[in-house]
Amino acid sequence: MNRPRFWLTTGAACGFVAVALGAFGAHGLRDLVSPERLANWATATDYLGLHALAILACGLWLLQRPDDGLVHRAAGAFLVGILLFSGSLFVLVLTDQRAIGIITPIGGVLLLVGWALLVVGARGAQGRSQADSGSGAD
């Protein structure tokens, strides 16, 4: 599997979906749902768009270091986090079924896990870069 291509494609697709769903919320839902539910929709699209960019960054990172498992796992955590966090908010807004809200925090935790994996990966990348260049100087 070509990890960089997969994550670049996935990130771009998520960005497309974020814009489409954001426009739908702003124009199609405005008169159909309460302001509170519309705010939930906006939060879902904001997080979807932000993490689409994070997935794209992971894909770019993996172009340079294709075997970086931490970054691959971070991208996976971002994707599942988007599906659970944003997805549950979209369903909540469209159905007003509050029970679906128990899934939202699980998605949020996965988004945090993705960022934590990137932190660890970035710290390791610096050490690998120095070892690759043979220099310990910054």
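Up top is the structure.
These figures come from a predicted structure and were not determined experimentally.

**Points about the packing of helix α2 (residues 35–64) against helix α3 (residues 69–95)**
α3 packs onto α2 with a crossing angle of 165° between their chain directions and a minimal axis gap of 9 Å. On the basis of the axis angle, α2 is roughly antiparallel to α3. In terms of crossing hand, the pair formed by α2 and α3 is left-handed. Within the contact of α2 with α3, the residues separate by chemical class into 22 nonpolar, seven polar and one charged.

**Topic: the pattern of salt bridges**
Under the defined criterion, the tally for this structure stands at two salt bridges. Across the salt bridge formed by Arg37 and Asp96, the nearest N and O atoms sit 4.0 Å from each other. Linking Arg37 in helix α2 with Asp96 in the loop between α3 and α4 (104–133), this pair joins segments that are 59 residues apart in sequence. Judged by relative accessible area, Asp96 falls into the partly exposed class, the value being 34%. Between Asp96 and Arg98 there is a salt bridge, with its nearest N and O atoms 3.8 Å apart. What emerges from the salt-bridge pattern is a single network uniting Arg37, Asp96 and Arg98.

**A closer look at the side chain of Ser88**
For Ser88, the location among the structural elements is in helix α3. From its side chain, Ser88 meets the backbone oxygen of Phe85 in a polar contact 2.9 Å long. If we ignore the near neighbours within four places in the chain, the residues touching Ser88 are Leu83, Ile100, Ile103 and Thr104.

**What about the packing of helix α1 (residues 3–28) against α2?**
It is at 8 Å that the axes of α1 and α2 come closest, and there the two elements cross at 160°. On the basis of their axis angle, the class for α1 and α2 is roughly antiparallel. Every pair of crossing elements has a handedness; the one defined by α1 and α2 is left-handed. Looking at the contact of α1 with α2 residue by residue, the class counts come to 18 nonpolar, eight polar and one charged.

**Here's the deal with the side chain of Thr10**
Note on placement: Thr10 falls in helix α1. Note on Thr10: relative accessible area 13%, which makes it buried. Excluding residues that lie within four positions of it along the chain, Thr10 makes contacts with Ile55 and Leu79.

**Structural notes on the environment of Trp61**
Note on placement: Trp61 falls in helix α2. Trp61 gets classed as partly exposed once you look at its relative accessible area, which sits at 21%. For the pair Trp61 and His72, spaced 11 residues apart in the sequence, the C-alpha separation amounts to 9.4 Å. In this structure Trp61 touches Asp68, Val71, Leu118, Gly121, Ala122 and Ala125, once residues within four positions along its chain are discounted.

Conventions used here
- Residues numbered from 1 in each chain as written.
- Predicted model: local features only at pLDDT ≥ 70, side-chain atom pairs only at ≥ 80, totals over all residues.
- Heavy atoms only, no water.
- Axes fitted to C-alpha atoms, helices over the stretch in contact; angles between N-to-C directions.
- Helix = DSSP H or I, 4+ residues; strand = E, 2+ residues; numbered from the N terminus.
- Parallel < 35°, antiparallel > 145°, perpendicular 65-115°, else oblique.
- Left-handed = near helix turned anticlockwise from the far one by under 90°.
- Nonpolar A, V, L, I, M, F, W, Y, C, P; charged D, E, K, R; others polar.
- Salt bridge = Lys/Arg side-chain N within 4 Å of Asp/Glu carboxyl O.
- Buried < 20%, exposed > 50% of the residue type's maximum accessible area, 1.4 Å probe, protein only.
- Polar contact = N/O pair within 3.5 Å; in protein donor to acceptor, adjacent residues only side chain to side chain.
- Contact = heavy atoms within 4.5 Å.

Distances and angles like these do not, on their own, reveal function.
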